[in-house]
Amino acid sequence: MTQNGHNHGDNAEYYSQRAAAIQALLIEKGICTLDDITTMADKIDSRSPEDGAKVLARAWVDPQYKKRLLADAESAFLELGYDLPETSPKITVVENTDDIHNMAVCTLCSCYPRAIIGRPPVWYKGLAYRSKVVVDPRGVLREFGTELDESVQVKVIDSSADYRYLILPKRPAGSDGMSEEELAKLITQESMIGVTQALSPEAVRAV
Amino acid sequence: MRIRVGVPPTHFRTPEYIQGKQGRIDTLWGAFPNPESLAYGGDGLPAQPLYQVEFTQSDLWSDYQGSSDDKLLIDIYEHWLEPI
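On a predicted model such as this, the values are computed, not experimentally measured, just so you know. (Residues numbered from 1 in each chain as written. Chains lettered and ligands numbered in written order. Predicted model: local features only at pLDDT ≥ 70, side-chain atom pairs only at ≥ 80, totals over all residues.)

## Quick word on the overall build of chain A
Tallying secondary structure elements over chain A gives 12 helices and four strands in all. Computed over its C-alpha atoms, the radius of gyration of chain A comes to 18 Å, within 12% of the 17 Å expected for a compact globule of 207 residues. Burial status across chain A gives 34% buried among its 207 residues. Contacts in chain A between residues at least 24 apart in sequence constitute 72% of all its contacts with a sequence separation of at least 6. (Helix = DSSP H or I, 4+ residues; strand = E, 2+ residues; numbered from the N terminus. Rg over C-alpha atoms; globule rule 2.2 N^0.38 Å. Buried ≥ 20, exposed ≤ 12 C-beta atoms within 10 Å, placed from the backbone. Contact = placed C-beta atoms within 7 Å.)

## Details of the overall build of chain B
In terms of helices and strands, chain B carries two helices and five strands. When its helices and strands are written in sequence order, chain B yields β-β-α-β-α-β-β. Viewed in the frame of its principal axes, chain B has a C-alpha envelope of about 45 × 25 × 20 Å. In chain B, 50% of the contacts between residues at least 6 apart in sequence involve partners at least 24 apart.

## Focus on unusual backbone geometry
Residue Leu45(B) is joined to Pro46(B) through a cis peptide bond whose omega torsion reads 0°. Mapped onto the elements, Pro46(B) comes out in the loop between α1 (35-38) and β3 (48-56).

## Re the interface of chain B and chain A
With 18 residues of chain B at the contact, the number on the chain A side is 20 residues. Elements that contribute at least two residues to the side of chain B that touches chain A include exactly β2 (24-32) and β4 (71-77) of chain B. Looking at the side of chain B that touches chain A, the element that brings in the most residues is β4(B), giving six residues. Sheet analysis places strand β3 (residues 153-158) of chain A next to β4(B), joined by four bridges and oriented parallel. Bridge assignment links Lys155(A) to a residue of β4(B), and that residue is Lys71(B). (Pairing = 2+ DSSP bridges.)

## What to know about the sheet that holds strand β2 (residues 100-105) of chain A
Pairing within the open sheet is mixed, and its five strands lie in the order β2(A)-β3(A)-β4(B)-β3(B)-β2(B). Each edge of the open sheet carries a strand with a single partner, namely β2 of chain A together with β2 of chain B. Looking at each pair of strands side by side, their axes are set apart by 20° on average, direction ignored. Inspection of the sheet shows β2(B) paired to β3(B) by seven bridges, in the antiparallel sense. By the bridge assignment for β3(B), Thr27(B) is matched with Gln52(B). Of the strands in this sheet, β2 and β3 of chain A together with β4 of chain B touch helix α8 (residues 127-135) of chain A, which is tilted by about 150° from β2(A). (Axes fitted to C-alpha atoms, helices over the stretch in contact; angles between N-to-C directions.)

## Some details on the environment of Asp45(A)
All names here are of chain A. Among the secondary structure elements, aspartate 45 is positioned in helix α2 (residues 34-45). The exposure class assigned to aspartate 45 is exposed, which follows from the 12 C-beta atoms found within 10 Å. Spatially, the C-alpha atoms of aspartate 45 and arginine 164 are 17 Å apart, while their sequence positions differ by 119 residues.

## Some remarks on the nonpolar core
Core analysis: the biggest nonpolar cluster contains 57 residues, and Leu56(A), Met103(A), Val105(A), Val156(A), Leu166(A), Ile167(A) and Ile187(A) have the highest contact counts within it. Aside from chain neighbours lying at most four places away, what touches Met103(A) is Val133(A), Pro137(A), Val156(A), Ile167(A), Ile193(A), Gly194(A) and Val195(A). (Core = buried A, V, L, I, M, F, W, Y, C linked by C-beta atoms within 7 Å.)

## A few points about α8(A)
The periodicity of an α-helix, 3.6 residues per turn, causes residues three or four positions apart to be oriented the same way. Listed as buried for α8(A) are Tyr129(A), Arg130(A), Val133(A) and Val134(A). The buried side chains of α8(A) occupy one side of the element, clustering within an arc of 105° when seen end-on. Those residues of α8(A) hidden inside the fold are in contact with β2, α7 (122-125), α9 (137-143) and β3 of chain A together with β4 of chain B. (Arc of directions from axis to C-beta.)

## Remarks on the confidence of the model for chain B
Averaged over every residue, the pLDDT of chain B is 96; the share at 70 or more is 100%. Interface confidence for the predicted complex, expressed as ipTM, amounts to 0.97; the pTM equals 0.91. (pLDDT = per-residue confidence, 0-100.)

This is the structure in structure tokens:
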């Protein structure tokens, strides 16, 4: 952990007061306006996991699109009308396959592909996930109910700098013939972080 | 290469668990403003090449519970890398 004991997500009230104090200072010192802050917050809130799921479902049904998405995610997002704000960190998409399972974390804080899937879940920012997933990723997978064969290579990606990682989950068995819209419902927020697989078609039908 | 060890008196993006560890450069992402300067109102220049570096999990943790093929990937600025 860093020396200043960053602990986002574990003490919401303290951090919300701190954020309010920082916001007041930024405005008072003329570094930015309240409008700048609310505009940026609205931009982040305008994205949700459904947006990411839509993009990734397209990759499942269109191999050419998938190729473009893996090579240059931001251009591929734009094809579907998702224009990332200029201030957004770079985003790249990483594919999970039969042989390789990727999962994303930010051990230092809460870096996350917000510009395409919105805010991270609270647990993603918490100390428990951030410290455990790098040491024992398979244990974390089990906690999320994800069973992986021993032969599958697990890769943990720590987004420590200027890139954010969106995971393209493996298309589940039994999903042949489903429409792009139906497929998008199988792609959950957790599966785009890589702590779970995409839902099975049966799981969605049972709901 | 190996990750340098250090606790500079600024905001830095090289977690301590990876410092001193040996890895392999996987990808060069390009050059980005140095966060150690940006965090204190600097211009971040000169921009630092940013690499995705791959480590074998069992090299990081002696009691790693998992496959010997499992990896950890992390993005590290060039000034934190040293040749072996």
